[in-house]
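A structural walkthrough
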Amino acid sequence: MNLIEGIKSAFKSLYINKMRSALTMLGIIIGISSVILMSGIGNGIQKTILSDIQTSTLGNFSVKVDKENEKYKGRDRLRISDAELIARDPRIIGADPETTKYVRYKLNENDVWIYILSSTYDGAKVFPFKFLEGRPFTKKEYSEDRPLITIDHLFAKELFKDESAIGKTLTLKTLDSNNIAKQKTYSIVGVFKNPTGSDNAVGSLFTQKLVFMPLNKLMKFKGDNSLEVITVKVKDSSQMELIMKDVKEKLELSRTKNIYKIKKDDEGKSVGEILDKIQLFVLAVAFISLFVGGIGIMNIMLASVTERIKEIGIRKAIGARNRDILTQFLIESIFLSVVGGVLGVIIGICLGNLVGLLIKIPPVFTLKIIIISVGVSSFIGIAFGVVPARKASLLNPIDALRSD
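Rules used throughout
Residues numbered from 1 in each chain as written. Predicted model: local features only at pLDDT ≥ 70, side-chain atom pairs only at ≥ 80, totals over all residues. Heavy atoms only, no water. Helix = DSSP H or I, 4+ residues; strand = E, 2+ residues; numbered from the N terminus. Buried < 20%, exposed > 50% of the residue type's maximum accessible area, 1.4 Å probe, protein only. Contact = heavy atoms within 4.5 Å. Areas by Shrake-Rupley, 256 points an atom, 1.4 Å probe, with all protein chains shown as cover. Arc of directions from axis to C-beta. Pairing = 2+ DSSP bridges. Axes fitted to C-alpha atoms, helices over the stretch in contact; angles between N-to-C directions. pLDDT = per-residue confidence, 0-100. Phe/Tyr/Trp six-rings, centres within 6.5 Å; stacked < 30°, edge-to-face > 60°. Lys NZ or Arg CZ within 6 Å of the ring centre and 35° of its normal. Salt bridge = Lys/Arg side-chain N within 4 Å of Asp/Glu carboxyl O. Polar contact = N/O pair within 3.5 Å; in protein donor to acceptor, adjacent residues only side chain to side chain. Patch = residues over 30% accessible without salt bridge, like charges linked within 9 Å, V, L, I, M, F, W, Y side chains within 5 Å.

A few points about the overall build of the chain
Counting its secondary structure elements, the chain contains 12 helices and 11 strands. Taking all 404 residues of the chain together, 46% fall into the buried category. In the chain, the share of contacts with a sequence separation of at least 24, taken over all contacts with a separation of at least 6, comes to 79%. Only carbon and sulfur atoms are counted for the fraction: they give 61% of the accessible area of the chain, which is about 21,300 Å².

Right, dumping it as structure tokens:
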């Protein structure tokens, strides 16, 4: 029997047992669609989170002072005047002097951490956040002593549900420099889009509750007027290395040498690496379902061998070789895997688009993962089809004809 006849015999057998064939393919379809769905949604979430982070940090570098250095002196600390000096460079968009504070807050009977960041007039140029409600601080408000804050949209939703956050207040507690507890109530004037998270379960793993406060107010709130970092945004990122070198030289003119750490912002890279690892884990779980589907093919094909013992005996009695029987059963299992794989890809893409529509994140499907998925399903068809095919080919025709 040649290959064409083997294919015809395999297809005829599959057609006769349509229900069994469909159930056999179901495991592969579920496995492949799971892989495609998880991959598409994972890529979409990753692209959304990283694009938001990169939009706000592209072309940024940070300036810090190494206080652990034995050469460090009080004169080396970062000052607001340093940020003003750096910002005078025409190649620079802005230089934002920053300080931060983590504060514990009682939210829905649970203790959560709020990340409070300082905000300056230049800060709006360095970190161009998109405001969804209200407004950013005005230039005048940065120098006034008014208790105003802006918060991120995810935190606002947790605090006020579907109500507007504008005009609402937030009471924050902290310890001053003498470890005396104090609290202050702040009015919310704006709600900005959180660049580190998204409105979905996976994105929320990386979401911090962000609050911006004018620099002078945050320094009073902390009881400490020191700066932690100056973040600089350049006009042309191709000149960043040169600008970083020039900034270092300016700061060291009348201070200790080699005390300042200046480096590019790599937040997007760090978050991307974390997302890659999580997506890899999710895909590994999805591929397990493919393995389970392969076992299903093997079980069904073994059952098929048992059911067709007499048919195999007749074919062998009229001249069919072991190789012919092996070929037919392998073709059946490969066909089930490939067709199941193609259907799984189609269903996975459809489900991915549907889920993306529901969570408002467009899925990203890659040709690479589609080819790998179909390739894996084909391999499974061969690997798990070998055992039943070999068992069928080695049947003794006389024993097969005697079976009931």
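After that view, the rundown keeps rolling.
Thoughts on helix H3 (residues 80-87)
Looking only at H3, the buried set comprises Asp 82, Ala 83 and Ile 86. For H3, the buried positions fall inside an angular range of 100 degrees around the axis, keeping them on one side.

Some details on the sheet that holds strand S10 (residues 229-234)
Spatial strand order, S2-S10-S1-S11: four strands in an open sheet with antiparallel pairing. Strands at the two margins of the open sheet, each flanked by one partner only, are strand S2 (92-98) and strand S11 (260-264). Ignoring strand direction, the axes of neighbouring strands in this sheet form an average angle of 20 degrees. Both S2 and S10 contribute to a ladder of six bridges, which runs antiparallel. Residue Ala 95 lies in a different strand from S10, and its bridge partner there is Val 232. In this fold helix H7 (residues 240-251) packs onto strand S1 (60-65), S2, S10 and S11, with an angle of close to 165 degrees to the strand it touches most, S11.

So, the confidence of the model for the chain
Counting all residues, the mean pLDDT for the chain is 78, and 75% of those residues have values of 70 or more. Mean pLDDT values over the elements of the chain span from 62, in helix H12 (residues 397-402), up to 94, in strand S6 (residues 148-152). With pLDDT under 50 throughout, residues 200-206 is counted as low confidence; its partners more than four residues away or in other chains account for 15 contacts.

Observations regarding the packing of aromatic side chains
Two aromatic rings, taken as a pair, are described by how far apart their centres are and by the angle between their planes. This model, assessed by the stated rule, comprises eight aromatic pairs. With a centroid separation of 5.2 Å and an interplanar angle of 35 degrees, the aromatic rings of Phe 129 and Phe 192 are classed as tilted. Pair noted here: Phe 129 is in the loop between helix H4 (123-126) and strand S5 (131-134) and Phe 192 is in strand S8 (residues 181-192), with a separation of 63 residues, a long-range link. Residue Phe 192 is classed as buried on the basis of its relative accessible area, which comes to 0%. Stacked on the ring of Tyr 121, the Lys or Arg Lys 139 has its end atom at 4.9 Å from the ring centre. Between the NZ or CZ atom of Lys 168 and the centre of the ring of Phe 160, over which it lies, the distance is 5.6 Å.

Some words on the pattern of salt bridges
A side chain of one charge can pair with a side chain of the opposite charge when the charged atoms of the two come close. The final tally for this structure, using the stated rule, is 15 salt bridges. Ionic pairing is found between Asp 89 and Lys 250, a salt bridge with its closest N-O pair at 3.8 Å. Taken together, the residues span a long stretch of sequence, with Asp 89 in the loop between H3 and S2 and Lys 250 in helix H7 at a distance of 161 residues. Look at Asp 89 and you get buried, because its relative accessible area is 6%. In this structure, Lys 217 engages Asp 145 in a salt bridge whose closest nitrogen and oxygen atoms are separated by 3.0 Å. Here the residue Lys 217 occupies a position in helix H6 (residues 215-222), and Asp 145 occupies one in the loop between S5 and S6, the gap between them amounting to 72 residues.

Topic: helix H5 (residues 153-160)
Given 3.6 residues per turn, any residue in an α-helix points the same way as the ones three and four places further on. Of all eight residues making up H5, six are buried, and the element is well covered by its neighbours. Those residues of H5 lying buried are His 153, Leu 154, Phe 155, Ala 156, Leu 159 and Phe 160. Of the residues flanking the start of H5, the one acting as N-cap is Asp 152, its side-chain oxygen 2.8 Å from the backbone nitrogen of Leu 154. Downstream of H5 by a residue or two, Lys 161 has a phi angle that is positive, lying close to 55 degrees.

A look at the environment of Ala 22
The residue Ala 22 is located in helix H2 (residues 18-57) in this model. Residue class for Ala 22 comes out partly exposed when judged on its relative accessible area of 39%. C-alpha separation for the pair Ala 22 and Gly 340, spaced 318 residues apart in sequence, amounts to 8.8 Å.

A look at a nonpolar patch on the surface
A cluster of nonpolar side chains, namely Val 342, Leu 343, Ile 346, Ile 347, Leu 351, Leu 354 and Leu 358, defines an oily patch on the protein surface of about 600 Å² accessible area. The residue Ile 346 is located in helix H10 (residues 322-359) in this model. Under the relative-accessibility criterion, Ile 346 is labelled partly exposed at 47%.

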